[in-house]
Amino acid sequence: MRADAPITVPALRRMKRNGTKITMLTAYDATFARLVDRAGIDIILVGDSLGMVMQGKANTLAVSVDHMAYHGACVTSVTKRCHVVVDMPFMSYHVSPAEAVRNAGRLVQEGGAHAVKLEGGAERVEVIAAIVNAQIPVMGHIGLTPQSYHVQGGFKIQGRGDAAAERLMRDALAVQEAGAYSLVLEGIPKELATKISEALDIPTIGIGAGDGCDGQVLVVQDLLGMDPDFQPKFVKRYADLGSVINDAIGTFIDEVRTGAFPQDEHSFHRKRRGGPVKEAPSGKYGPTDTDAATA
Ligand code: KIV
């Protein structure tokens, strides 16, 4: 596979067969999507975790199809290589297969999704089959399913006992049988995740599920250490951006207050009569020198 070749559903299947681990990170906006895509990640998940990360809520339950379509479009307007999966939010696939297909279609048409993800096992086979039948690839999600927040009693590890583990194995096989092309395993014992990954033909992507999965997913803000107060066991911090951002903003405050910023190099000047305009700012958001001169 060429390094810049777009990641597709068949490519992800091949990665499992070849034993190449799949990497997936969340992104909810164009700035992060561009960075994640350029860094070489295989899959971007526009997760409904945006309810917590972007909207500041305690869980994902208030996220709507409109929100997901909007954030999906923010991401897919800039990605070039990544496979982009958009989450189906709570209540968007619970009422009927027909409504689920319509909502999944909105995420593809308005959000630019290459695939959708939905939570649940055997109880979701009808819905998964209907969406797949509409030619929309489905990623399953079992174990700790955040949309079951009230039923599971919060964000709780699942499948620790024998009966629960057997149920999750049956769920995984049912989701595959229904036509899903991949499966997220969240918050389950690593031995069980390994066993499920070995039993399935489709790739599994783990979060808090150990190293036996076919790939791994994290929320990008967690991996980058952007929230100093959030450090769950399953997250490894690869950077401490929370401190970097705090220090940078602190320096900005100091420099504005002391007059160290802005300096002449950050300022525009009146056109000198007959002379060329020297500065050529990028004009990405702000005025170019020409705009300033005519303002
Ligand atoms: O919404 C999300 O970010 C997710 C991942 C944690 C798997 O579903």
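Residues numbered from 1 in each chain as written. Predicted model: local features only at pLDDT ≥ 70, side-chain atom pairs only at ≥ 80, totals over all residues. Heavy atoms only, no water.

Segmenting the chain into domains produces domain 1 (9-223) and domain 2 (243-294). A C-alpha centroid distance of 43 Å is found between domain 1 and domain 2. (Domains from an automatic or database assignment.)

Within the structure, the ligand sits among Thr26, Leu45, Gly47, Asp48, Ser49, Asp87, Lys117, His141 and Ile207. The contact in question runs from an oxygen atom of the ligand to an N or O atom on the side chain of Asp87, over 3.1 Å. Here the ligand, which alone exposes 260 Å², has 95% of that area covered by the protein. Taken together, the residues that form the shell around the ligand break down as 2 nonpolar, 4 polar and 3 charged. (Near = heavy atom within 4 Å. Polar contact = N/O pair within 3.5 Å; in protein donor to acceptor, adjacent residues only side chain to side chain. Areas by Shrake-Rupley, 256 points an atom, 1.4 Å probe, with all protein chains shown as cover. Nonpolar A, V, L, I, M, F, W, Y, C, P; charged D, E, K, R; others polar.)

On to unusual backbone geometry. In this structure, the amide linkage connecting Phe261 to the following residue, Pro262, adopts the cis form with an omega of 0°. Within the secondary structure, Pro262 is located in the loop between α11 (241-258) and α12 (289-294). One non-glycine residue, Met91, adopts positive backbone phi at about 75°. As for its placement among the helices and strands, Met91 is situated in the loop between β3 (83-87) and α5 (97-109). By relative accessible area, which is 42% here, Met91 ends up partly exposed. The phi dihedral of Gln135 is positive, around 70°, even though this residue is not glycine. (Helix = DSSP H or I, 4+ residues; strand = E, 2+ residues; numbered from the N terminus. Buried < 20%, exposed > 50% of the residue type's maximum accessible area, 1.4 Å probe, protein only.)

The side-chain alternation of strand β7 (residues 204-207) yields two buried faces, one formed by Thr204 and Gly206 and the other by Ile205 and Ile207. Two elements, strand β6 (residues 182-186) and β7, share 4 bridges in a ladder whose sense is parallel. The partner of Glu186 across the bridge, within β7, is Ile207. Crossover connection from β6 via helix α9 (residues 190-199) to parallel β7: handedness right-handed. With 2 bridges connecting them, β7 and strand β8 (residues 215-218) associate as parallel partners. In the sheet register, Ile205 faces β8, and the bridge partner there is Gly215. (Pairing = 2+ DSSP bridges. Right-handed = clockwise from strand over helix to strand, strands pointing away.)

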